[in-house]
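# Fold and contact review
Here are the chains, one letter per residue:
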4 protein chains.
Amino acid sequence: MAGNSFGEIFRITTFGESHGVALGVIIDGCPAGLAIDPAFIQSELERRKPGQSAIVTQRKEADEVEILSGIFENKTQGTPIALLIRNADQKSKDYEHIKDSYRPSHADFTYDAKYGTRDHRGGGRSSARETAARVAAAAIAKQLLQHYGIQIHAYVSKVGNIAVEKPYTELDLSQTEANIIRCPDPVIAEQMIEFIKVVKKNGDTVGGVITGVIKGVPAGLGEPVFDKLHADLAKAMMGINAAKGFEYGSGFAGTELLGSQHNDLFFSEEGAIRTRTNLSGGIQGGISNGMDIYFNVAFKPIATIMRDQESVDKDGNPAVVSGKGRHDPCVLPRAVPIIEAMAALTITDHLLRQRANKL
Amino acid sequence: MAGNSFGEIFRITTFGESHGVALGVIIDGCPAGLAIDPAFIQSELERRKPGQSAIVTQRKEADEVEILSGIFENKTQGTPIALLIRNADQKSKDYEHIKDSYRPSHADFTYDAKYGTRDHRGGGRSSARETAARVAAAAIAKQLLQHYGIQIHAYVSKVGNIAVEKPYTELDLSQTEANIIRCPDPVIAEQMIEFIKVVKKNGDTVGGVITGVIKGVPAGLGEPVFDKLHADLAKAMMGINAAKGFEYGSGFAGTELLGSQHNDLFFSEEGAIRTRTNLSGGIQGGISNGMDIYFNVAFKPIATIMRDQESVDKDGNPAVVSGKGRHDPCVLPRAVPIIEAMAALTITDHLLRQRANKL
Amino acid sequence: MAGNSFGEIFRITTFGESHGVALGVIIDGCPAGLAIDPAFIQSELERRKPGQSAIVTQRKEADEVEILSGIFENKTQGTPIALLIRNADQKSKDYEHIKDSYRPSHADFTYDAKYGTRDHRGGGRSSARETAARVAAAAIAKQLLQHYGIQIHAYVSKVGNIAVEKPYTELDLSQTEANIIRCPDPVIAEQMIEFIKVVKKNGDTVGGVITGVIKGVPAGLGEPVFDKLHADLAKAMMGINAAKGFEYGSGFAGTELLGSQHNDLFFSEEGAIRTRTNLSGGIQGGISNGMDIYFNVAFKPIATIMRDQESVDKDGNPAVVSGKGRHDPCVLPRAVPIIEAMAALTITDHLLRQRANKL
Amino acid sequence: MAGNSFGEIFRITTFGESHGVALGVIIDGCPAGLAIDPAFIQSELERRKPGQSAIVTQRKEADEVEILSGIFENKTQGTPIALLIRNADQKSKDYEHIKDSYRPSHADFTYDAKYGTRDHRGGGRSSARETAARVAAAAIAKQLLQHYGIQIHAYVSKVGNIAVEKPYTELDLSQTEANIIRCPDPVIAEQMIEFIKVVKKNGDTVGGVITGVIKGVPAGLGEPVFDKLHADLAKAMMGINAAKGFEYGSGFAGTELLGSQHNDLFFSEEGAIRTRTNLSGGIQGGISNGMDIYFNVAFKPIATIMRDQESVDKDGNPAVVSGKGRHDPCVLPRAVPIIEAMAALTITDHLLRQRANKL
């Protein structure tokens, strides 16, 4: 109800503010008997954490995870799994100047309007720091998906107007982690990085697009009518900070095609029913068909820029907001593991939901 | 859990198959004391029903709604409101030929994979006919929103590659119903209609885009973290048959902007805090800021074309599927009231959810 | 949220008022492929319907059920099952006299306090007539449970202070339907019936106890911590009109025992682990252990008596409420199928919930 | 779904095992702006914690609570409140002997049956130690209820067959904390304490009854049909370890009354509508009527006794289980704050739920 939970059966609830004591998550509904490698949770957090390269924020957080419950002798018990990440490098003073005024295109004004109060330090609960908890939870989900042979990929496919032109099927997705922008096309990756460095030097920020790919999903996941698999993926992705758009399969480009061009014809191959093209993006009628699921998520440029901006204070009086603190010039490289996380959580939940659909 | 419900407080559950006895919906959680005009429910259904113009399916359905409960002396009672629409013009024989084979890009194969059975007549539960129930429920929601001064608009902004170039702010949205394609730009509307007629003559189908606009939403609606207002709108829209993409505010185009170009600066006007631009699309940090909410939904071309297509039967053997039955060449005009319906349901739910956020 | 739904996976939502157009229910989450005998639904409704004997209300309702969706060729499809029961024999005029005043120990006052409005005709939504929808839904659940070898029994074990002294294990539960009070002990049954006839003649009403027994439940159902199997059974039973208490296993009497007397010792029998006694009532730590589940539900005397009673009108002025209309002198015989219904719904839901607990 | 959450709007999710790293809770949906006294959370935990008197377990736990999120400058922020309690005095070796065998009337066997695995140390998740998290969460709820003038009371009304004969209306509930059994009748309290000491000396345990009283609840709380206020109270209470029965108002005793004896007649007093008697227990039709809510909860004797008991191991072979560890001879005194906690959580949730029922 209050929006801090995700999933129906594999259900996570996150807590924590950017400059509070800690962040964390409870995973309720993880099946018992799953072998868990705690080091994998930590390594996933490393991929999201600040300070990992020159093109992201320089806030230093160890982001060390502590497992509080639900795992005994490295196996899940069917009981809630609680994961804790303490905050360390808060510089709350950096936010004193916006205590009473609203940063443009941030959540300062809307939180005040909603709750009548707000924790101004680092954006409080509205900070993308919250997503660390999701990544930790998804590291459990990914180990469950691995058990079922499902793999999640994501990569940066566009920064500003610098785009990877090749479809994901022509890229070597194992190369995504080979560069700091997380783009598997090394030539484009280099252009993106150079562009971000220029943007950063100007005290500005830039948006872009991340592509997600999910392989190995069995046919039959997704619940009509409202909980179509792509509808839940859309919600999952749009719940990530700074996301502005979602499309899957042929997406917005597919609106220009005719039905005769767009339909994916069925054929049999090695005993399985497959489609010759995959403009459906692996989902038909809201239910997975066994083909790859792929989608794009649009991210706006981050709102915090290192410039003075016109604004108002909480009483509506004119105010100038100056850019301070340590921030990302581009959200995309750190958003890659977050996209993967939300995809893993969505698929895991629907995998478990599907168990009740047949006698 | 099984995907047939939408909303947390203002919660609807729909039922019914395309060629079954009836469609319907239960609305649970509508506040008591709301005056209801039953004629408005019927008039909303007229806007969605088949057979209303030359560019939509010729199936004839009266779509007459019967109120079964929850309304007494034209006022809501706080109890569940059940609405029933009986099917009349089913021609189930039109579907005998696909009883055992899978129509390309339909949900035939995936329903079978999911449930191990399917009602092949008219697509059964996967048919867009189900959305009549949503439109009926939303006619209640719209009357509630009207009580709070909130208006919902939607219009066709693109068919194939014929697009309205003007932003919604430069259009007269009251003209949307003035033509059969439901596009408020009369010149573009004419081009769209002509194009659809050609497509229909060719036995083909075409996709497009619908733009939604919500005015009068107070600041403060939407629940961080996962139930951001735009995340729930995205899920709502992506749950509509044939939807392939969602974007709000600056959307995918905004990914190419710099932060200094994208930020919406605050100012005061008549005692209210507003923004000079509205690239945020009325939502910041997942919470409404009082500005207009606007968004686009991409629709693929409808899968049923009047041509023979290669496919397989349920045993994986090659089969040819021929186009039969009565179908829309373009989903867009009839999808306009459905977009409005899902927007109304989403905003109504969040309006009620917000009541518990302050002491 | 608004309280008209029950169950997490096998989830029902009921609608309808006592003197409205119809009652009904949507079952969402019933697995596909279950063979359904529609006649069984009807026969279950016959057991609950009014007018079936001299000791229940003489309202005449055919209670004919119409299946609107979700069942095709007598098999569930995995889609929502909607069941409709139209009202026929309303005599709304019988309630004109209480339009503006509150019947003692009814829900008239509290509905007004809650909603600011009420449908006074026959108690509106607060009438036990609503339970017809539950019985119809449970007739589907019972067919699912039968598939898994689980049987539900209930019988009247006490009326006023006339009680069956034998435990359920010494009764022939197949004799429950052999008399109009639904008590499997024929001697006690006769006493109960005679007592109710006297009470009825005096224009009065009387309470009692119903015992429920569930056999064949596999070990492992029930979710700790809050959704213990007996906690969900308690909620299910206490949600029935006029229920005042719930106990399972040793219940209130067990509070007087010592641990050394109360503990159920384990032993092995035919490869299964069983307990020598069953004071646990088939549930340990909130989870079924494979032994019989049994419980008692206390019912107060029905509030409508054929006498004048002191009360107030909606403005708080003194008023006299006279007993009118057709009413049951004792809720118990007609409550037996309702107890069974709620037990069936609870067990079915937990049966499906358990599927997600192991890899 | 997995049973570790309680409440719809004011929703708590607990985690932690008896001998794990920590226990804790997330409260999601607490309104913003509530002043919180952290010392009160601690003092509530003191009332539940082990080792506080001679008649409870001697396990020593500081039960110090750490607030991790959601409270800023001693005010709730509308964001999730996470509370953490680290375990300290685990003696897991005490449980080595039952690693592979099942203690009678414990959850050892059923957890194994459910999950295929279990944490045997101190009962793992099935331990009543989990309720510390509920008490901590309820300390927030109680501060919210205080804001609305609602008070929660509970006291031990029966131990074995030693019962308080007076109704709660004739007791001074402020004296409940004056003795270690938490019974406001000092004479009966002394008898109870003496009896428990004897039971303890014998290595045995004993059950009893706790009475709960809730004052100041406004009329209108509780949601028909399934979420009746007393149905949710029943579920809340039956979810407490060792609970076997629940009754409210006239309860099981009321089943012997006639309607003419049982009905609560309305009258007006100081502008409010009240009832002359209160056999309804403050709830009519599932909705509070403004009178006191009162109820009883039955507790069985604790299963762990200091004797050898016949049992089986996990392979079904005969085994003897010896009583070891530190345990309570009687759950009742420590269950008093737990009853209060569950009552506070239930009422708080319904208080917030009621906000959406009127325009």
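A short tour of the structure in this document, coming up. (Residues numbered from 1 in each chain as written. Chains lettered and ligands numbered in written order. Predicted model: local features only at pLDDT ≥ 70, side-chain atom pairs only at ≥ 80, totals over all residues. Heavy atoms only, no water.)

### Comments concerning the sheet that holds strand S7 (residues 81-86) of chain A
All names here are of chain A. Here we have five strands laid out as an open sheet, ordered S1-S2-S3-S7-S4, and antiparallel in their pairing. Where the open sheet ends on each side, the last strands, each with one partner, are strand S1 (5-6) and strand S4 (65-67). Judged from the two bridges that link them, S1 and strand S2 (residues 11-15) form a sheet pairing that is antiparallel. Within S2, the residue paired with Ser5 across the bridge is Thr13. Taken strand by strand, helix H1 (residues 38-48) contacts S4 and S7, and its axis lies near 150 degrees from that of S4. (Pairing = 2+ DSSP bridges. Helix = DSSP H or I, 4+ residues; strand = E, 2+ residues; numbered from the N terminus. Contact = heavy atoms within 4.5 Å. Axes fitted to C-alpha atoms, helices over the stretch in contact; angles between N-to-C directions.)

### Observations concerning the relation of the copies chain D and chain B
Superposing chain D onto chain B takes a rotation of 180 degrees plus a shift of 0.0 Å along the axis, which leaves an RMSD of 0.0 Å. Both copies of the chain, as the preceding transformation shows, are related through a two-fold rotation axis. For chain D, the smallest separation between a C-alpha atom and the rotation axis is recorded for Arg355 of chain D, amounting to 3.2 Å. The residues that chain D uses at the interface reappear at the interface of chain B in 100% of cases, marking a shared surface. (Least-squares fit on C-alpha atoms with pLDDT ≥ 70 in both.)

### Overview of the sheet that holds strand S11 (residues 243-248) of chain D
Spatially, 10 strands are ordered S9(C)-S8(C)-S10(C)-S16(C)-S11(C)-S11(D)-S16(D)-S10(D)-S8(D)-S9(D) in an open sheet, and the strand pairing comes out antiparallel. Every other strand in the sheet has two partners, leaving strand S9 (162-163) of chain C together with strand S9 (162-163) of chain D as the edge strands with one partner each. Here strand S8 (residues 151-159) of chain C runs beside S9 of chain C; their pairing, made up of two bridges, is antiparallel. Counterpart to Val159 of chain C in the pairing with S9 of chain C is Ile162 of chain C. Strands strand S8 (151-159) and S9 of chain D of the sheet are contacted by helix H4 (residues 186-201) of chain D, whose axis makes an angle of about 55 degrees with S8 of chain D.

### A word on the nonpolar core
Phe299 of chain C together with Phe299 of chain D are the most contacted members of the largest nonpolar core, which has 370 residues in total. Look past the residues within four positions of Phe299 of chain D in its chain and what remains in contact with it is Thr255 of chain C together with Gly207, Gly208, Ile210, Ile240, Asn241, Ala242, Ala243, Val331, Leu332, Ala335 and Ile339 of chain D. (Core = buried A, V, L, I, M, F, W, Y, C linked by side-chain atoms within 4.5 Å. Buried < 20%, exposed > 50% of the residue type's maximum accessible area, 1.4 Å probe, protein only.)

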